[in-house]
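# Report on the structure
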Amino acid sequence: MLAPSWEEHATCLANAEEQDVQRVLLDISEKAAVDLQQDAFVVIGRDTRPSSEKLSQSVIDGITVSGGQFHDYGLLTTPQLHYMVYCRNTQGQYGQATTEGYYQKLSKAFVELTKQAFCSGDKCLSLKVDCANGIGALKLREMKNYFSEGLSIQLFNVGTTGKLNHLCGADFVKSHQKPPQGIEMEPNERCCSFDGDADRIVYYYYDADGHFHLIDGDKIATLISSFLKELLLEIGESLNIGVVQTAYANGSSTRYLEEVMKVPVYCTKTGVKHLHHKAQEFDIGIYFEANGHGTVLFSKTAEMKIKQLSEELEDKKRKAAKMLENIIDLFNQAAGDAISDMLVIEAILALKGLTVQQWDALYTDLPNRQLKVKVADRQVISTTDAERKAVTPPGLQEAIDNLVKKYKLSRAFVRPSGTEDIVRVYAEADSQVRKCRQPCT
Ligand SMILES: CC(=O)N[C@H]1[C@@H](OP(=O)(O)O)O[C@H](CO)[C@@H](O)[C@@H]1O
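Residues numbered from 1 in each chain as written. Predicted model: local features only at pLDDT ≥ 70, side-chain atom pairs only at ≥ 80, totals over all residues.

### Description of the UniProt feature "binding site: Mg(2+)" (unreviewed entry) in the protein
The UniProt entry lists D195, D197 and D199 under the feature "binding site: Mg(2+)" (unreviewed entry), expressed in the numbering used here. Within the secondary structure, D197 sits in the loop between β5 (191-194) and β6 (201-206). Apart from residues lying up to four places away in sequence, D197 is in contact with D47, T77, T78, G134 and I135. Mapped onto the secondary structure, D199 falls in the loop between β5 and β6. (UniProt positions renumbered as here; feature names shortened; annotations may be inferred. Helix = DSSP H or I, 4+ residues; strand = E, 2+ residues; numbered from the N terminus. Contact = placed C-beta atoms within 7 Å.)

What follows is the structure in structure tokens.
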């Protein structure tokens, strides 16, 4: 099963009285169609933090004393662990449940795609990757020989000296809107950052004038959506596409997707489980949080149709259908995955012949700020409309509305964080120049 739904189930359990646990478990197994007669099997993976080894051993001890079965993969990125579970739950149909299987599946699709971009075979992409001093560094190092034909990567912040996510990684780059420490960047050079467990990715570059440009999850979703839409147009198939975002998506991205690309956009609550579930409603569900966490899900119908067309169609149309087939294999459909997303993005840029600047120029982000505020009790704030409107405390939403209406293309919201004891405040508008009530001196 996919982890997001289990998170919900775990919350359910944590809130249950002891005597209710049995009933809750039965309810969960019914909803998730789990056969309780079957022997339990636990898939274990861990990251590079010193605590992970002990935690992992405790899980193994617990399973062993209760007579359960398990497979310990040792070091894995979070999305690789999701991939292993997905492979096992589909009896190997999705892929082979080994790191070798993961590397081969993704690399094969990537090399096939880039071969089409570089027909002469004499070109190769190059990219600098900030690994946030996390597990991504180990896994990319293991994997890079599998795709070296199409992409040459240089790894930074590989964990030999620096601390996990400290002054580096996708979250640092996104929230500070500046490059990580420890990476050497030349003007117009394409770079990306993973987060510590390699389930998020953001891109960035310095322009010739020394300005830093961040390309976040919204722009990643836009690049992917436009590529997939073009391919569907080419093969003449009208599969149902949906893009799923959260309230943190920049207003420019939503407008671009809806008004220029004519792709339907949906907003869910923050947290990848909400986006993942919504994306499952489409033939092709593209979901990304602005912070770079996301993937694309293809329905069984879409997958079968594309496979059939890649056999039936001819010439350019067949080529487009083949590309779609490889793109399906290249996306980790179990969870958002920095390695898989990186390979998808690199393949699309190569196939479309786009530079990082051209990709960035698809639309201009509205200036925005996101702050954390410590309050005595964050739960006094409750929200509605996918967390875009405050319901309580009374008067809060009116106060926000009164401020927001003074600015053009403006939007702001507050919500209690689901992961930290803080309230998050987000605001965007057409300009970041402060409007003075009094004439400025
Ligand atoms: C604004 C923001 O980035 N929120 C993050 C953060 O959730 P909060 O509920 O906002 O604390 O952590 C989540 C889990 O990593 C991630 O999915 C989400 O995008």
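### Some details on the sheet that holds strand β4 (residues 151-156)
Read from one edge of the open sheet, five strands run β4-β3-β5-β6-β7, paired in mixed fashion. Across the chains shown, the open sheet's two edge strands, defined by having one partner strand only, are β4 and β7 (212-215). Mean inter-strand twist for the sheet, computed between neighbouring axes without regard to direction, equals 30°. (Pairing = 2+ DSSP bridges. Axes fitted to C-alpha atoms, helices over the stretch in contact; angles between N-to-C directions.)

### Some words on the environment of G74
Relative to the helices and strands, G74 resides in strand β2 (residues 69-75). G74 gets classed as exposed once you count the C-beta atoms within 10 Å, which come to 11. (Buried ≥ 20, exposed ≤ 12 C-beta atoms within 10 Å, placed from the backbone.)

### Considerations on the nonpolar core
Within the largest apolar cluster, 85 residues are counted, with the highest numbers of intra-cluster contacts made by I224, I286, L330, L343 and V344. When residues in this core are grouped by element, the largest group, ten residues, is from helix α13 (residues 338-352). Every residue in contact with L343, bar those within four places of it in the chain, is listed here: L106, F110, F147 and L330. Among the nonpolar cores identified, the runner-up in size contains seven residues, and A247, Y248, A290 and F413 belong to it. (Core = buried A, V, L, I, M, F, W, Y, C linked by C-beta atoms within 7 Å.)

### Focus on the site of the ligand
Taken together, Y248, T270, G271, V272, E289, N291, H293, S417, G418, T419, E420 and R424 make up the full set of residues adjacent to the ligand. Here the residues of the shell around the ligand sort into two nonpolar, seven polar and three charged. For the shell around the ligand, the two domains that each supply at least three residues are domain 2 (99-365) and domain 3 (368-428). (Near = placed C-beta within 6 Å. Nonpolar A, V, L, I, M, F, W, Y, C, P; charged D, E, K, R; others polar. Domains from an automatic or database assignment.)

### Description of the domain arrangement of the protein
Taken domain by domain, the protein holds domain 1 (3-89), domain 2 (99-365) and domain 3 (368-428). Here the C-alpha centre of domain 3 lies 30 Å away from the C-alpha centre of domain 2. At the interface, ten residues of domain 2 touch eleven residues of domain 3. Of the residues belonging to the side of domain 2 that touches domain 3, the class tally is three nonpolar, six polar and one charged.

### Here's the deal with helix α4 (residues 78-89)
A rise of 1.5 Å per residue sets the reference length of α4, with its twelve residues, at 16 Å; its end C-alpha atoms lie 17 Å apart and thus fit the reference within 8%. The buried fraction of α4 amounts to ten of the twelve residues, a majority that puts the element mostly inside the structure. All of the buried residues along α4 are T78, P79, Q80, L81, H82, Y83, M84, V85, Y86 and C87. Count one or two residues on from α4 and you reach Q91, which has phi positive near 50°. (Expected span 1.5 Å × (residues − 1).)

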